[in-house]
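# Structure at a glance
In case you want the letters, here they are:
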Amino acid sequence: MTTARPALDSELRELLADMPLMSQLSPDVLAQLRRLPSTPVEPLLAHRQVDRREVTVPAKDGVPIPLSVFSPANADRISGAPCVYWMHGGGMVMGDRFSQIDIPLEWLDEFGAVVVSVDYRLAPEATGTALVDDCYQGLLWVAEHAAELGIDPARIVVAGASAGGGLAAGVTLLARDLGAPPIAAQMLICPMLDHRNASTSSRQYAGGPGVWTREMNEFGWRCLLGDLTDDEVPAYVSPALADDLSGLPTTYIDTGSAEVFRDEDTDYATRIWAAGGQAELHVWAGGFHGFDALYPQARISATARRTRTEWLARLLLPDSAT
């Protein structure tokens with residue numbers, strides 16, 4: 001029996017009608033998608049006064065991991081700026097450090113934040129904890145070089161979208177358990193949190209084309225997990241497995257009502273509250289996966305992006321009106 005689905009936002013539905021959609025991913029399709037041109041970052045920087053720096057940091061196994069650092073030009077570095085440490089989306093199997101970078105660059109504009117984006121390795125070439133470990137090593141480098149980067153180490157926000165949101169959650173769990181570095185907040189945008197793919201929303205978005213379907217999600221997780229069995233999957237890789245969500249920094253989670261990750265994202269927020277933590281959750285009615293990244297001009301997208309920025313303003317600029 002087909003599971004009924006929440007209706008799409010009417011404006012998003014019209015926009016999505018012109019987009020070619022898939023129902024499944026395969027190694028051949030992934031190879032084709034990876035050959036598409038990557039996101040050009042230069043047009044996003046052209047109208048901004050931004051200093052850009054490219055660095056590499058060693059992964060745990062010594063492989064160089066690229067980081068892009070975007071800082072407001074001529075910024076006052078005396079007191080230190082907030083930092084957004086960004087992890088891109090792409091189902092763990094595609095994308096690069098410039099994917100969805102327009103989202104954190106808005107926070108560079110708004111708060112003078114230094115944005116650091118990490119080019120973690122991708123599955124299936126890298127598996128298991130490699131991706132989250134790459135992201136964690138990059139975060140350690142940022143914290144260790146805070147003074148050089150003009151960053152206030154007490155105002156580092158870990159953020160990501162989709163797969164990057166899942167990696168941000170994993171990095172935050174890792175930092176909590178290892179005791180460093182301090183993280184002021186985690187911003188999880190439609191995060192990919194649960195490899196089990198067994199929720200109601202996962203079943204609702206199966207068996208047909210979409211932006212990100214249950215079948216595509218299964219492919220991404222299979223690529224990442226490799227030969228790991230369910231009991232071998234670490235919570236840093238699939239954060240929904242974490243038994244203990246206490247001691248996490250304040251958290252923002254948003255998702256759409258019409259997407260695969262809706263229920264696992266909602267559950268993660270609920271479990272943070274149950275552990276005594278602070279989380280803000282938004283489920284955007286009629287939003288599909290990644291709607292605000294794909295169609296930022298839509299009214300619901302503008303609202304979602306503005307709401308995130310206002311939340312960050314309360315966190316980073318508590319004495320200023322939003």
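The following paragraphs examine the structure supplied in this document. (Residues numbered from 1 in each chain as written. Predicted model: local features only at pLDDT ≥ 70, side-chain atom pairs only at ≥ 80, totals over all residues. Heavy atoms only, no water.)

### What about the sheet that holds strand β4 (residues 114-118)?
One open sheet accounts for 8 strands, arranged β1-β2-β4-β3-β5-β6-β7-β8; its pairing is mixed. Two strands in the sheet have a free side with no partner beyond their single neighbour: β1 (50-58) and β8 (279-284). The sheet shows a mean angle of 15° between the axes of neighbouring strands, direction not considered. The pairing of strand β2 (residues 64-72) with β4 spans 4 bridges and is antiparallel. When the sheet's bridge partners are listed, valine 69 is paired in β4 with valine 116. Packing of helix α7 (residues 163-178) onto the sheet brings it into contact with β3 (81-87), β5 (151-161) and β6 (185-189), and relative to β5 it is tilted by some 140°. (Pairing = 2+ DSSP bridges. Helix = DSSP H or I, 4+ residues; strand = E, 2+ residues; numbered from the N terminus. Axes fitted to C-alpha atoms, helices over the stretch in contact; angles between N-to-C directions. Contact = heavy atoms within 4.5 Å.)

### Quick word on the layout of surface pockets
Counted as a void, the largest pocket has a volume near 1000 Å³. Around the largest pocket sit 37 residues that line it, and Gly89, Gly90, Met94, Gln100 and Leu294 are the ones nearest its centre. Of all the elements in the fold, those that place two or more residues in the lining of the largest pocket are α2 (27-34), α4 (102-111) and α11 (291-294). Counting residues per element, the lining of the largest pocket draws most heavily on α11, at 3 residues. Tallied by class, residues from the lining of the largest pocket come to 21 nonpolar, 12 polar and 4 charged. Roughly 200 Å³ of internal volume is contained in the second largest pocket. Along the wall of the second largest pocket there are 16 residues; nearest its centre are Tyr205, Pro209, Gly210, Val211 and Ala258. For the lining of the second largest pocket, the residue count by class is 10 nonpolar, 4 polar and 2 charged. (1 Å grid on protein atoms, 1.4 Å probe; cavity = no way out; pocket = protein on both sides within 12 Å on 5 of 7 lines; lining within 4 Å. Points joined across faces, edges and corners; volume = space filled by probe spheres on them. Nonpolar A, V, L, I, M, F, W, Y, C, P; charged D, E, K, R; others polar.)

### Remarks on the nonpolar core
With 69 residues, the main nonpolar core has Tyr85, Met87, Tyr120, Val142 and Tyr268 as its most contacted residues. The greatest single-element share of this core, amounting to 9 residues, is contributed by helix α5 (residues 130-144). Of all hydrophobic cores here, the second largest spans 36 residues; its members include Val41, Ile103, Cys190 and Trp311. (Core = buried A, V, L, I, M, F, W, Y, C linked by side-chain atoms within 4.5 Å. Buried < 20%, exposed > 50% of the residue type's maximum accessible area, 1.4 Å probe, protein only.)

### Section: α7
In this model, α7 (16 residues) spans 22 Å end to end at C-alpha, consistent with the 22 Å of a helix rising 1.5 Å per residue. Of all 16 residues that make up α7, 13 are buried, and the element is covered over most of its length. Following α7 by one or two positions, glycine 179 adopts a phi angle in the positive range, close to 80°. (Expected span 1.5 Å × (residues − 1).)

### As for the side chain of glutamate 215
Within the secondary structure layout, glutamate 215 lies in helix α9 (residues 214-225). Contact partners of glutamate 215, with chain neighbours within four places excluded, come to Ser23, Gln24, Tyr205, Ala206 and Gly207.

### A look at the packing of α4 against helix α12 (residues 299-316)
Across the interface, α4 lies against α12 with an axial gap of 11 Å and an inter-helix angle of 45°. Taken together, the axes of α4 and α12 lie oblique to each other. α4 and α12 meet at a crossing whose hand is right-handed. Contacts from Asp102, Ile103, Glu106, Trp107, Glu110 and Phe111 of α4 reach α12 at Arg305, Arg308, Thr309, Leu312, Ala313 and Leu316. Across the contact of α4 with α12, the residue classes tally to 6 nonpolar, 1 polar and 5 charged. (Parallel < 35°, antiparallel > 145°, perpendicular 65-115°, else oblique. Left-handed = near helix turned anticlockwise from the far one by under 90°.)

### A closer look at empty space enclosed by the protein
Per the counting criterion, the structure on display carries 1 cavity of 30 Å³ or more. Size it by volume and the largest cavity reaches roughly 50 Å³. Ile189, Cys190, Asp254, Thr255, Gly256, Glu259, Trp284, Phe288, Gly290, Phe291, Asp292 and Arg308 are the residues that line the largest cavity. Every element with two or more residues in the lining of the largest cavity is listed here: β7 (250-256) and α11. With 3 residues, the single largest contributor to the lining of the largest cavity is β7. Along the lines of polarity and charge, the residues of the lining of the largest cavity split into 5 nonpolar, 3 polar and 4 charged.

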